[in-house]
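Structural features, examined
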Amino acid sequence: MLMPKLVFLWTDVVLFTMLLALAWYCWRVRINDNLRANWWKVLRDPAALSAGIVLAVFALITLVDSVHFRRALAPAPGATASTPTYYATNTESLLDAWMSRQIEMRETGYSEPLAYLGLTKEPIERDGQPVRDYPRLKHGGSHLGNPQTQWSSDVLGRGFGGAALGVLVALGLAFIPAVLLRRSHGGTLGALKAIAGDRTDLPLRAAGGTLLVMCTIGGAVVALMGHYHVFGTDRTGNDVLYQALKSVRTAFVIGTLATVATLPFAVVLGVLAGYFRGWVDEVIQYVYTTLSSVPNVLLIAACVLMVQVFLDKNPDMFETGVERSDLKIFLLCVILGLTGWATLCRLVRGETLKLRELDFVQAATAFGVSHTRIMARHITPNVMHLVLITTVLSFSDLILYEAVLTYVGVGVDPSMNSFGGMINLARSEMSRDPVVWWSFAAAFGFMVTLVLSANLFADGVRDAFDPRARSFRPRLKRSLA
């Protein structure tokens, strides 16, 4: 068996580096009592825990779609063992390999969700006579011998069967915390009753409800996607479900990489401005005030157009089109980071101005501790709660920003799937007759789910790490009795 060639894209490397950084941060949380206590507060928030589960699923899709490779081509007849191995020109991911059936199920044009007929009438031959009618799809519902009578029962049977299997998976997952809590609740049955009655330390009932909904919907979709286009097809006959899942990685890359790109400038300049004050503070304030006065969309558009010119003049730098589009989205994240650090810098500066007057910083200064050591050991760790809160809150904003930029034509490469690209293509589809609504609905549904989950999780993080926000937010007490 010929082994494929692994391809490491720019965004792949950064994403997996961030995954290692997240693992290191989890280790820090485990050994730090204050951090651990704050994150337990996040997990005790039912909305934040449920949103975190949804985000974890989206993150898993992103990681699966971030393992790229190029398939090895079969050797020519009569080739010797010393013949070098050649690889395909297209780059695939593990998600592409898993959804290869959906990629192959390409139709000739539009089709509605779960349909077995095309959307528009075409000249076809029936009983030897040319007629104009809705053609049968090549793949969607092709297994049906008599679709007029079999379609509804087949869709309902497969959908309910997949949903039932998803419910069983969710119930199986519910037994895991029940087994772990059986000693403190008088056995597995007592633990299940405690979870159902919301009498556990963590809101496991809310988490179980979230898993139940996701497994039910996911089971129905998986059961149907091998025989139908669950979300229909677009103008070129491509499966919309596949495009929506591929767009998840684009949104995650924009949200995470662009946020991380802002941190070096915002944290370093904010701490320097607040600690040294004087002319250093004035210069940094002048820089971010000037940057904030320039319209972001115009500044980003100018930078993206310059990047586009560079990529067009250097096509030989890339072996495949995926590598070219990946570098463009990577540079877009860098541009978003370079133009979006002013808000966080203001917050860090204000917090540093307050911290530098506290006793422990004044004591360190009196003992002759260097400025660099004071900023690194005493100032920066105490502003990280602001950085964490702002980072989580900015994640959803950047996802929406990508959709807007792609919609106006200065976002990701047109060859890369994205929610903004799907919405942009749906602009003309919504005005035609009959209306092609499913591409817009799929992009809107996935994007709203991702952004809403990020916002709910961000609210939980803000309440846990910012005592002022937590003290003014009403809470519903849960009885553990």
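Before reading on, note that the structure itself is shown above.
Just so it is clear, the model here is predicted, and its values are computed rather than measured.

A few points about the overall build of the chain
Counting its regular elements, the chain contains 18 helices and 5 strands. Dimensions of the chain, computed from C-alpha atoms along their principal axes, come out at roughly 100 × 70 × 55 Å. Within the chain, counting contacts between residues at least 6 apart in sequence, those at least 24 apart form 73% of the total. Surface accessibility of the chain: about 25,800 Å² in total, with carbon and sulfur atoms responsible for 66%. Taking the average location of the 43 positive side-chain charges in the chain and that of its 36 negative ones, the two points are 9 Å from each other.

Topic: the environment of Ala-97
Tracing the chain through its elements places Ala-97 in helix α4 (residues 94–98). Residues contacting Ala-97, with those up to four places away along its chain left out, are Phe-69 and Arg-71.

Looking at the sheet that holds strand β1 (residues 5–7)
Pairing within the open sheet is antiparallel, and its 3 strands lie in the order β1-β2-β3. The sheet is open, and its two borders are formed by β1 and β3 (92–93), each paired with just one other strand. As paired elements, β1 and strand β2 (residues 68–70) share 3 bridges and run antiparallel to each other. Each residue of the ladder has a partner; that of Lys-5, found in β2, is Arg-70.

Notes on the pairing of strand β4 (residues 122–126)
Two elements, β4 and strand β5 (residues 129–133), share 5 bridges in a ladder whose sense is antiparallel. Following the sheet pairing, Glu-122 is matched in β5 by Asp-133. The hairpin turn running from β4 into β5, its antiparallel successor, is 2 residues long, and Asp-127 in that turn takes a positive phi close to 55°.

Some points on the nonpolar core
Val-42, Leu-241, Phe-446, Leu-450, Phe-457, Val-461 and Phe-465 are the most contacted members of the largest nonpolar core, which has 52 residues in total. Contributing elements (two or more residues each) for this core: α2 (33–43), α3 (46–64), α8 (204–225), α9 (240–276), α15 (371–407), α16 (419–429) and α17 (438–465). Ranked by residues supplied to this core, first place goes to α17 with 13 residues. If sequence neighbours within four positions are ignored, Leu-241 has contacts with Met-99, Val-221, Met-225, Val-230, Phe-231 and Phe-446. By size, the runner-up hydrophobic cluster in this structure holds 24 residues, among which are Leu-15, Ile-254, Leu-257 and Leu-398.

Remarks on the side chain of Asp-281
Structurally, Asp-281 can be placed in helix α10 (residues 278–293). Apart from residues lying up to four places away in sequence, Asp-281 is in contact with Ala-273 and Arg-349.

So, unusual backbone geometry
For Leu-114, which is not glycine, the phi torsion reads 65° and is therefore positive. Here Leu-114 is to be found in the loop between α5 (100–104) and β4. Of note, Asp-198 is a non-glycine position whose phi angle comes to about 60°, a positive value. Here Asp-198 lies in the loop between α7 (188–196) and α8. Overall, the relative accessible area of 13% leaves Asp-198 in the buried class.

Quick look at α15
Look at α15: only 47 Å from first C-alpha to last across 37 residues, short of the 54 Å you get at 1.5 Å a residue. Where α15 bends most, at Thr-380, the angle is about 45°, and the proline Pro-381 comes one to four residues later. Just beyond α15, the residue with positive phi is Gly-409, at close to 95°.

What about α16?
Taken residue by residue, α16 has Phe-419, Gly-420, Gly-421, Met-422, Ile-423, Ala-426 and Glu-429 as its buried positions. For α16, the secondary structure elements touched by its buried residues are α9, α15 and α17.

Some thoughts on a nonpolar patch on the surface
Among the surface-exposed residues, Met-430, Val-435, Trp-437, Phe-440, Phe-444, Val-448, Leu-452 and Leu-456 lie close enough to one another that they form a single nonpolar patch of about 670 Å² accessible area. Positionally, Phe-440 belongs in helix α17. With a relative accessible area of 31%, Phe-440 lands in the partly exposed category.

Focus: the pattern of salt bridges
Going through the model one piece at a time under the given rule, you end up with 17 salt bridges. In this structure, Arg-44 engages Asp-201 in a salt bridge whose closest nitrogen and oxygen atoms are separated by 3.0 Å. Taken together, the residues span a long stretch of sequence, with Arg-44 in the loop between α2 and α3 and Asp-201 in the loop between α7 and α8 at a distance of 157 residues. Between Arg-205 and Asp-198 there is a salt bridge whose closest N-O contact spans 3.7 Å. Linked by salt bridges that have partners in common, Asp-12, Arg-249 and Asp-326 make up one network.

Here's the deal with the packing of aromatic side chains
Per the stated rule, a full pass over the model turns up 11 aromatic pairs. Ring centres of Trp-10 and Phe-330 lie 5.2 Å apart, and the angle between their planes is 35°; on these two criteria the pair is classed as tilted. Here Trp-10 is found in helix α1 (residues 10–31), whereas its partner Phe-330 is found in helix α12 (residues 321–339), with 320 residues between them in sequence. Ring geometry for Tyr-116 and Trp-151: centres 6.3 Å apart, planes at 50°, overall tilted. Placement of the pair is Tyr-116 in the loop between α5 and β4 and Trp-151 in helix α6 (residues 147–180), with a sequence separation of 35 residues. Given a relative accessible area of 14%, Tyr-116 falls into the buried group. For Trp-151, a relative accessible area of 30% puts it in the partly exposed group. Ring-pair connections join several aromatic residues into one group, and the members of that group are Tyr-25, Trp-39, Phe-457 and Phe-465.

Thresholds applied
- Residues numbered from 1 in each chain as written.
- Predicted model: local features only at pLDDT ≥ 70, side-chain atom pairs only at ≥ 80, totals over all residues.
- Heavy atoms only, no water.
- Helix = DSSP H or I, 4+ residues; strand = E, 2+ residues; numbered from the N terminus.
- Contact = heavy atoms within 4.5 Å.
- Areas by Shrake-Rupley, 256 points an atom, 1.4 Å probe, with all protein chains shown as cover.
- Lys, Arg positive; Asp, Glu negative; His and termini not counted.
- Charge placed at Lys NZ, Arg CZ, Asp CG, Glu CD.
- Pairing = 2+ DSSP bridges.
- Core = buried A, V, L, I, M, F, W, Y, C linked by side-chain atoms within 4.5 Å.
- Buried < 20%, exposed > 50% of the residue type's maximum accessible area, 1.4 Å probe, protein only.
- Expected span 1.5 Å × (residues − 1).
- Bend = angle between axes of the 7 residues up to and from the residue.
- Patch = residues over 30% accessible without salt bridge, like charges linked within 9 Å, V, L, I, M, F, W, Y side chains within 5 Å.
- Salt bridge = Lys/Arg side-chain N within 4 Å of Asp/Glu carboxyl O.
- Phe/Tyr/Trp six-rings, centres within 6.5 Å; stacked < 30°, edge-to-face > 60°.

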